[in-house]
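Per-entry structural report
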Amino acid sequence: MFIKTLAIALLYTLLVPFSFAQNNSVDSQEIATEKTHEITYEKTQNNNYIVSVHGIVCELCSYGVAKNIRKLSFIDATQADNGVKVDVENQRIFITLLDNTPLDKAALFKAIESGGYKPIEVIAGSQEEEQE
Amino acid sequence: MKHSILFFLTASVSITAVAHQPIMDMAPRWNNGYGVQTRVEHANSETTTWVEGVYTFKPSVRMTLKVPYVDGEMGNAILAVPLKRYTNEGSLTYNWSITPSVRMPTDGGNDWDAGLSVSYSSETPGLYQLYDAYTLGDKTGIDVNVGWSFPDGNGSSWFTLWDVSAQDSDSGQRVLTGPVLVYFKRNVVMRAEYKVPAYDHDDEWKGNFINFGIGIVY
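Quick caveat: nothing in here was measured; it's all calculated off a predicted structure. (Residues numbered from 1 in each chain as written. Chains lettered and ligands numbered in written order. Predicted model: local features only at pLDDT ≥ 70, side-chain atom pairs only at ≥ 80, totals over all residues.)

We now examine the overall build of chain B. For chain B, the helix and strand inventory stands at 2 helices and 14 strands. In terms of overall dimensions, chain B is globule-like: its C-alpha atoms have a radius of gyration of 17 Å, near the 17 Å expected for 218 residues. Each principal axis of the C-alpha atoms in chain B carries an extent, and together these give about 45 × 45 × 30 Å. For chain B, the proportion of contacts with a sequence separation of at least 24, taken over those separated by at least 6, is 47%. (Helix = DSSP H or I, 4+ residues; strand = E, 2+ residues; numbered from the N terminus. Rg over C-alpha atoms; globule rule 2.2 N^0.38 Å. Contact = placed C-beta atoms within 7 Å.)

As structure tokens, this is what we get:
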């Protein structure tokens, strides 16, 4: 009986903030959309970019994001990690573009959002430059 | 009022309880993702093989099908629709989930069971936690998984968790607890768990619980 009471209490506790969590998430999506329009980028000589992504902390869970990005036409899949490497420690994605191909920021962010995460910004740079 | 309705709905509907698995719960969380896994669990002097599949329509809506086999005989399959609300903030991702389900009489019987569970899970690069409350017919339970993850930075990761599962039913009460070990390599997952009774006043429960599973997502 004790466990049953405890379980029902936990159920109720979990349900109460459920609707609030929904509202918060909508706000987060709106913020992400707003930020998307603010971001600028510039093409680099070596075609490497770093994308900051909120919440991307799990190797398995980010598999779909990497898969989505690799499908983009401007990604150079001949590079290491097929042009996409996820850094779960720092919530970043390193991407490499094909030569003479511009970065389609909208498509990139859409690929990340459909993977269940929130893109924040994209800047020129590479993992190697970060480590230097 | 809204919360009261949800409370009574949840408290009055039964659910089929199954162990939480990385495939189904954690992944796939991307549009049109899918996965399969098989689990072998041994409990009560009985070995059950589960064949499970999941399809994610979008991060907030997925569908799962779980089919048990005991001694080669198909048991009652469970169809569920986990509805998740994700929030991503910095190095934290968390979600609230409500999962209606139905257990179908695929063993040749006539009994249908409807169910519902409510859960919360969160994850950072180093910490994972999951809390779930459910009911199933005469069964009501709580499942908690908390532990650490160790990503290697090259697409694989270890999770070491501690699991506590408490259940109340007509046959009594029990609390099982023990370690869980999870390993990811890209889109392949393995999970092993071993739980012992910490509190056993259940007439239908004997001994320990062992589970091993492997799955893949796309």
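Next comes the rest of the account.
Looking now at the overall build of chain A. For chain A, the helix and strand inventory stands at 5 helices and 4 strands. Burial status across chain A gives 40% buried among its 132 residues. (Buried ≥ 20, exposed ≤ 12 C-beta atoms within 10 Å, placed from the backbone.)

All right, on to the pairing of strand S11 (residues 156-169) of chain B then. Residues and elements named next belong to chain B. Across 12 bridges, the pairing between strand S10 (residues 139-151) and S11 is antiparallel. Bridge pairing in S11 places glycine 147 opposite leucine 161. Between S10 and the antiparallel strand that follows it, S11, lie 4 residues; glycine 153 among them carries a positive phi value of about 80 degrees. Both S11 and strand S12 (residues 172-185) contribute to a ladder of 14 bridges, which runs antiparallel. Residue pairing in the sheet places glutamine 167 in a bridge with arginine 174 of S12. Linking two consecutive strands that pair antiparallel, namely S11 and S12, is a turn of 2 residues. (Pairing = 2+ DSSP bridges.)

As a further point, take helix H4 (residues 105-114) of chain A. Residues Leu108(A), Phe109(A), Ala111(A), Ile112(A) and Glu113(A) constitute the buried set of H4(A). Phi for Gly116(A), located one or two positions after H4(A), is positive at around 95 degrees.

Next up on the list: the pairing of strand S9 (residues 127-136) of chain B. Consecutive side chains along a regular strand alternate between the two faces of the sheet. Residue and element names in this part refer to chain B. Among the 10 residues of S9, 7 are classified as buried, and the element is accordingly described as predominantly covered. As paired strands, strand S8 (residues 113-123) and S9 are joined by 8 bridges and run antiparallel to one another. By the bridge assignment for S9, serine 121 is matched with leucine 130. Bridge count for S9 against S10 is 10 bridges, and the pairing is antiparallel. Note on S10: the bridge partner recorded for glutamine 129 is valine 146.

Mean pLDDT over chain A stands at 75; residues scoring 70 or higher make up 63%. Every residue in residues 15-43 of chain A is under pLDDT 50, and counting partners more than four places away or in other chains gives 35 contacts. (pLDDT = per-residue confidence, 0-100.)

What follows covers the nonpolar core. Membership of the largest hydrophobic core comes to 43 residues, with the highest contact counts inside it found for Leu60(A), Val65(A), Ile69(A), Ile93(A), Ile95(A) and Leu108(A). Among residues more than four places away in sequence, those in contact with Val65(A) are Ile56(A), Val86(A), Ile112(A), Gly115(A), Tyr117(A) and Trp30(B). Ala133(B), Leu136(B), Ala166(B) and Val175(B) belong to the second-largest nonpolar core, a separate cluster that totals 9 residues. (Core = buried A, V, L, I, M, F, W, Y, C linked by C-beta atoms within 7 Å.)

With 6 of its 8 residues buried, helix H3 (residues 63-70) of chain A lies for the most part within the structure. Buried within H3(A) are the following residues: Tyr63(A), Gly64(A), Val65(A), Ala66(A), Asn68(A) and Ile69(A). The inward-facing, buried residues of H3(A) abut strand S2 (84-87), strand S3 (92-96) and H4 of chain A together with strand S1 (33-43) and strand S14 (209-217) of chain B.

Quick look at the sheet that holds strand S1 (residues 48-54) of chain A now. All names here are of chain A. A sheet is described by the order of its strands in space; here 4 strands give the open sequence S2-S3-S1-S4, paired in antiparallel fashion. Of all the strands in the sheet, just S2 and strand S4 (118-124) have a single pairing partner and so form its edges. In this sheet, neighbouring strand axes are inclined to one another by 20 degrees on average, regardless of whether the strands run parallel or antiparallel. In this sheet, S3 lies alongside S1 in antiparallel orientation, the contact comprising 5 bridges. The partner of tyrosine 49 across the bridge, within S3, is isoleucine 95. (Axes fitted to C-alpha atoms, helices over the stretch in contact; angles between N-to-C directions.)

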